[in-house]
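The primary structure of each chain is shown beneath.
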Amino acid sequence: MPLLSASAPSRVGRHGVALAKFKRAGERTYLADSFFRVPLQLMRPNYPEGEYPAHMTLINPTGGHVGGDVLELEIALDEGARVLWTTQGATKVYKSLGEPVISTTKIEMGAGSGLELLPDPIIPYKDSIYAQETRISMAEGARLLYGESLYHGRVASGEHFEYSSLRLKLHVDYGGAPLLRDVMEVKPEESNPERMGLFEPYPYLGSFYVAGGADEALNHIAEQVESLLAGASGLAGGCTLLTGPGALVRWLAESPEVMRKTHFEIWNIARKTLFGREATPLRKF
C-alpha cells in the first residue's frame, strides 16, 4: 500500500496523517511500516494478550479537532495479521467558524486477517461541523469487528444536540463485492434529532458492525445480541443480518454508562464467537 500523500495543510486547521501496515510472522503480528503527522500520532503496539492481536492506539496530542482540520488514516493488514485498534480518548470536535473537520479512513484487510476497530466516542461540541468517511476492503476470509458511539454534545457544559452538522459514512466491501453502505447525517438546526424515528428519548447512539465469518457464527451473534438488548433497561436497539457475511447492531442509550456497558457486552459476544477470546479492558496510556 503506498504511503499517504503529504499534501500541504489548508490555511485553516492542520493536516493529520497516520499510516500503519501490519504483517504476520509465525503467530506474531507486528507493525511492519508506519508514519504519522500531528495532530495524529501512533503509539507502539503492545501485546497484553500474547503474540496476537497487536494492540494499537491512535492519539491526538492536541486534545481535539477544529474546523479546517483534515485527518487521514490508512491501515493495512497482510494475510493472517490480527490487530486491535483503538484511540486514547474521545474524538472531540470543537466549534467551527465555517469549515468542517474532515476525517477519512482507508483499511485494507488481507485473507484470513482480523481487525477489531474500537475507537472512543465522537463528541461534537456546540457549533461544530464533522464529516467522517470510512472505507474498508476485506479479502475473503477476513473478519472485522467495528464498534462506534456518538454523544450528543459536551454534556458537562449542558450541550444537547447543539452541533451544526455531523455526517458519518461507512463503506465495506468483502471479496471484491459491496457488503455494507451505512450513511448518517444529523443537522439539529434543520431537523429536531429527538423526533420520532431518530433519537427520541435516548441521546446516545451506538453502532457495531460484524463482517466476515460463517453463517452459523453470525446467526449466533445476532441471537445473543438480540437477547441482550431485549433484556436491558435504559436503551432500545436491534441487530440485523446482512445479505452477505455480516451483521449490524444499532442501539440508543439513556446515558454514557449504559452506552459503554452495552458496547462492551456486544463486543464480548462477537469476539468470543469469531475470535474465541473474551473481551478485555483496553489500555489507554
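None of the values given here were measured: they were computed from a predicted structure.

### Brief notes about the overall build of the protein chain
Next up, step 1: The secondary structure content of the protein chain amounts to 2 helices and 17 strands.
Next up, step 2: Against the 2.2 N^0.38 benchmark of 19 Å for 285 residues, the protein chain shows a C-alpha radius of gyration of 18 Å, consistent with a compact globule.
Next up, step 3: For the protein chain, the spread of C-alpha atoms along the three principal axes comes to 50 × 50 × 35 Å.
Next up, step 4: In the protein chain, buried positions account for 49% of the 285 residues.
Next up, step 5: Contacts in the protein chain between residues far apart in sequence, at least 24 positions, make up 70% of those at least 6 positions apart.
Next up, step 6: Just so you have it, the protein chain exposes about 12900 Å², and 50% of that area is on carbon and sulfur atoms.

### Some points on the confidence of the model for the protein chain
Next up, step 1: Taken as a whole, the protein chain shows an average pLDDT of 94; of its residues, 95% reach a score of 70 or greater.
Next up, step 2: Contacts of residues 1-10 to residues separated by more than four positions or lying in other chains number 21 contacts, the stretch itself having pLDDT below 50.

### Quick look at the environment of tyrosine 204
Next up, step 1: Structurally, tyrosine 204 can be placed in strand S15 (residues 204-211).
Next up, step 2: Residue classification places tyrosine 204 among the buried positions, given a relative accessible area of 4%.
Next up, step 3: Distance from tyrosine 204 to tyrosine 52, taken between C-alpha atoms, is 32 Å for residues 152 residues apart in sequence.

### Concerning the nonpolar core
Nonpolar side chains in soluble globular proteins tend to end up buried together.
Next up, step 1: Ranked by internal contacts, the top residues of the largest apolar core, which has 46 residues, are Phe22, Trp85, Leu115, Ile136 and Met138.
Next up, step 2: Among the elements that line this core, the one with the most residues is strand S13 (residues 165-174), at 5 residues.
Next up, step 3: Among residues more than four places away in sequence, those in contact with phenylalanine 22 are Thr29, Tyr30, Leu31, Ala32, Met56, Ile75, Ala76, Leu77, Asp78, Ala81, Val83 and Trp85.
Next up, step 4: Val210, Val225, Cys239 and Val258 belong to the second largest nonpolar core, which has 30 residues in total.

### A word on unusual backbone geometry
Among all residues except glycine, the phi angle is most often negative; among peptide bonds, the trans geometry is most common.
Next up, step 1: Put simply, valine 38 and proline 39 share a cis peptide bond, and its omega is 25°.
Next up, step 2: In this structure, the amide linkage connecting tyrosine 52 to the following residue, proline 53, adopts the cis form with an omega of -5°.
Next up, step 3: Tracing the sequence through the fold places proline 53 in the loop between strand S3 (41-42) and strand S4 (54-59).
Next up, step 4: You will see that aspartate 127, though not glycine, has its phi angle at about 65°, which is positive.
Next up, step 5: Its identity as a non-glycine residue notwithstanding, phenylalanine 161 has a phi of 55°, on the positive side.
Next up, step 6: Positionally, phenylalanine 161 belongs in the loop between strand S12 (143-150) and S13.

### Brief notes about the environment of serine 164
Next up, step 1: Within the secondary structure, serine 164 is located in the loop between S12 and S13.
Next up, step 2: Judged by relative accessible area, which is 24%, serine 164 ranks as partly exposed.
Next up, step 3: Taking the C-alpha atoms as reference points, serine 164 and arginine 271, 107 residues apart in sequence, are found 36 Å from one another.
Next up, step 4: In this structure, serine 164 is in contact with Asp127, Ser128, Ile129, Val186, Lys187 and Pro188, ignoring residues within four places of it in sequence.

### Overview of the sheet that holds strand S8 (residues 101-109)
Next up, step 1: Across the sheet, 7 strands lie side by side as S2-S1-S5-S8-S11-S13-S14; this open sheet has mixed pairing. Each having just a single partner strand, strand S2 (28-37) and strand S14 (177-186) make up the two edges of the open sheet. Between one strand axis and the next, the sheet turns through 10° on average, direction left out of account.
Next up, step 2: In the sheet, strand S1 (residues 15-25) pairs with S2 via 9 bridges, with the strands oriented antiparallel.

### Observations concerning the pattern of salt bridges
Next up, step 1: Scanning the model with the defined rule gives 14 salt bridges in all.
Next up, step 2: For glutamate 257, the salt bridge is made with arginine 260, and the minimal N-O distance between the two is 3.8 Å. With glutamate 257 and arginine 260 both in helix H2 (residues 256-275), this residue pair falls 3 residues apart, about one helical turn.
Next up, step 3: We note a salt bridge from lysine 261 to glutamate 265, for which the minimum N-O separation is 2.8 Å. You can see lysine 261 and its partner glutamate 265 sitting in helix H2, 4 residues apart, about one turn around the helix.
Next up, step 4: Each of the salt bridges in this network shares a partner with another, and the network as a whole consists of Glu49, Arg82, Glu116, Arg271 and Arg277.

### Let's talk about the pairing of S8
Next up, step 1: Every second residue of S8 is oriented toward a common face, the buried set being Val101, Ser103, Thr105, Ile107 and Met109 and the non-buried set Ile102, Thr104, Lys106 and Glu108.
Next up, step 2: Pairing of strand S5 (residues 70-77) with S8 involves 8 bridges; the strand directions are parallel. Within S8, the residue paired with glutamate 74 across the bridge is lysine 106.
Next up, step 3: With 9 bridges joining them, S8 and strand S11 (residues 129-138) adopt parallel strand pairing. Residue pairing across strands places methionine 109 opposite methionine 138, the latter belonging to S11.

The rules behind each value
Residues numbered from 1 in each chain as written. Predicted model: local features only at pLDDT ≥ 70, side-chain atom pairs only at ≥ 80, totals over all residues. Heavy atoms only, no water. Helix = DSSP H or I, 4+ residues; strand = E, 2+ residues; numbered from the N terminus. Rg over C-alpha atoms; globule rule 2.2 N^0.38 Å. Buried < 20%, exposed > 50% of the residue type's maximum accessible area, 1.4 Å probe, protein only. Contact = heavy atoms within 4.5 Å. Areas by Shrake-Rupley, 256 points an atom, 1.4 Å probe, with all protein chains shown as cover. pLDDT = per-residue confidence, 0-100. Core = buried A, V, L, I, M, F, W, Y, C linked by side-chain atoms within 4.5 Å. Pairing = 2+ DSSP bridges. Axes fitted to C-alpha atoms, helices over the stretch in contact; angles between N-to-C directions. Salt bridge = Lys/Arg side-chain N within 4 Å of Asp/Glu carboxyl O.

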